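A look at the structure
Chain residues, written in single-letter form:
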Amino acid sequence: MIDHTHDPRAQSWVEGAAGHPDFPVQNLPLGVFSLGEGEPRRIGTAIGDHVLDLAGLAADGALPLGLATALAQPTLNALFALDEAERVALRHALFALLSSERCRLKVTPHLHRSEDVALHLPFAIGDYTDFYVGIHHATAIGKLFRPDNPLLPNYKHVPIGYHGRASSVRVSGTPVTRPWGQLKAPDAPAPVHAPCRRLDHELELGLWIAGDNALGEPVPIDTAWDRIGGLCLLNDWSARDIQAWEYQPLGPFLAKNFATTVSPWVITAQALAPFRMAAAPRPDGDPQPLPYLREGWEGALSITLETTLHTAAMRAAGLAPHRLSQGNAFDAMYWTPAQIVAHHASNGCDLHAGDLLGTGTLSGPTPDSAGSLMELSQGGKAPLALPGGETRTFLEDGDELALHARAERDGYATIGFGPCVGRIAAARHA
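For the structure given in this document, a descriptive report is provided here. (Residues numbered from 1 in each chain as written. Predicted model: local features only at pLDDT ≥ 70, side-chain atom pairs only at ≥ 80, totals over all residues. Heavy atoms only, no water.)

1. Some details on the sheet that holds strand E2 (residues 42–47)
To keep it simple, the criterion reads: At least two DSSP bridges between two strands are required for those strands to pair. Strands here are runs of E lasting at least two residues and helices are runs of H or I lasting at least four, both read from the DSSP assignment and numbered beginning at the N terminus. Axis lines are fitted to C-alpha atoms, over the contacting stretch for helices. Their N-to-C directions set the angle, which ranges from 0 to 180 degrees.
With antiparallel pairing, the 5 strands of this open sheet are ordered in space as E4-E3-E2-E1-E5. At either end of the open sheet lies a strand with only one pairing partner, and these are strand E4 (111–113) and strand E5 (118–120). This sheet shows a mean twist of 45° between the axes of neighbouring strands, independent of strand direction. Relative to E2, strand E1 (residues 30–34) is paired through 4 bridges, and the arrangement is antiparallel. Directly across from Leu30, in E2, lies its bridge partner Thr45.

Here it is as structure tokens:
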């Protein structure tokens, strides 16, 4: 629901928050931080270039009393297990504290500069599921293997997904170790066990689940958005050469479970309310969703997505990161976030607060909006030219790849997600 917290004229008294590219007072994302090595983890919100300690505010009685226990936890799970109305009340309370000059003295002791804190994984993740709803990515990858029939027959009928590995999800900034696996060249008689040679990124959005449904209890499409507590950026790192050998007949395994990186701030569903849009009409000839997947309201999102690459040589030469691609989630997603959730639970699967659902790679319809190097380099056949004279087909050791996102729509203040960064480290064993 759009309310006073989305007013684009609203400003915060916190220095640097007005017009901040990611965290103006209209955003108020939720996350987990600590003040140093070995210090306890605390729930906070980002405002400008500061982090506000919500546990401290709650202990001082500055936030709704019923939230104190959840805000005292080291993860967001308990907070996202509460009713949505309680998280809305938290947003309203924070907005009042940060936009009213009268609250400065009460709030200031709980503000910390972003550069002085460490950010952590926001949830204890029970389960992670990765979907495949980016139709342009699915088409581009399909053409590499099936030029005449890139999309399999089920794609436009059912949101495709597979279960990932929650234990290897890490927060932005965690190094990504190049994985080992079985590799088999098309002309080789047998596979070898060696480091991945075709390491890739996947530009995705992550959906953080709120609330719980009992086993055997589906989530109707009309209430599916209520189960989305917030979104983040997600990079599901991909070992393309390992995947090519192992994925038949059951799909990705070691090619995907070695690392998944998420941005630390959870951009709440409430903050994203102004950026929801009606999904684009299905093209002529496409099947309409089955009744359990039909939405009657605004379920798509207007979010601009971008990837940048910064190589070791570029950093040494003082060159800025190079933008690889830019697109919009609205153009990329064939299935909406609510349809993902409704389908996941349609068989009675129980979803719990803190579960993570990935959208799959979100590529736009143009070559410069692709969400993976597999597409950008045409399967490794067309190296990309980078500043300083380097080229890339896939990621090399020392490369730093960052995902960026901002929600934007005329009439509302733009809000950002903060970057999702990973630097490639060499394989650890021979």
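So, next bit.
2. Considering helix H10 (residues 337–345)
Definition in use: With a 1.4 Å probe rolled over the protein chains alone, any residue whose accessible area is under 20% of its type maximum counts as buried; one over 50% counts as exposed, and the rest are partly exposed. Here, two residues are considered to be in contact whenever any of their heavy atoms come within 4.5 Å of each other.
Across the 9 residues that make up H10, a large majority, 9, are buried. By the burial criterion, the buried members of H10 are Pro337, Ala338, Gln339, Ile340, Val341, Ala342, His343, His344 and Ala345. Elements in contact with the buried residues of H10: strand E6 (128–131), strand E7 (161–163), strand E13 (203–209), strand E14 (228–236), strand E19 (300–301) and strand E22 (356–358).

3. With respect to helix H4 (residues 84–99)
The condition is simple: The span expected for a helix works out to 1.5 Å for each residue beyond the first.
The end-to-end C-alpha distance of H4 is 22 Å, a good match for the 22 Å that 16 residues give at a rise of 1.5 Å each. Taken together, the buried positions of H4 are Arg87, Leu90, Arg91, Ala93, Leu94, Phe95, Leu97 and Leu98.

4. Digging into the layout of surface pockets
To keep things clear, this is the line we draw: In this analysis the probe radius is 1.4 Å and the grid spacing 1 Å, with only protein atoms considered; a cavity is a set of points the probe fits into but cannot get out of, a pocket is an open set with protein on both sides within 12 Å along at least five of seven lines, and lining residues have an atom within 4 Å of a point. Grid points are joined across faces, edges and corners, and a volume is the space filled by probe spheres set on the points. Classification used: nonpolar for Ala, Val, Leu, Ile, Met, Phe, Trp, Tyr, Cys and Pro, charged for Asp, Glu, Lys and Arg, polar for all others including Gly.
Within this model, the largest pocket holds a volume of roughly 1,300 Å³. Ile141, Phe145, Gln243, Ala244 and Tyr247 are the residues nearest the centre of the largest pocket, which is lined by 43 residues in total. Those elements giving two or more residues to the lining of the largest pocket turn out to be E6, helix H6 (135–145), E7 and helix H7 (240–246). In terms of residue count, H6 provides more of the lining of the largest pocket than any other element does, 6 residues in total. Looking at the second largest pocket, its volume works out to about 560 Å³. Every residue lining the second largest pocket is counted, 29 residues in all, and those nearest its centre are Ala279, Ala280, Pro281, Arg282 and Tyr334. Here the element with the most residues in the lining of the second largest pocket is helix H9 (residues 329–332); it accounts for 4 residues. Of the residues belonging to the lining of the second largest pocket, the class tally is 18 nonpolar, 5 polar and 6 charged.

That is the geometry; function is a separate question.
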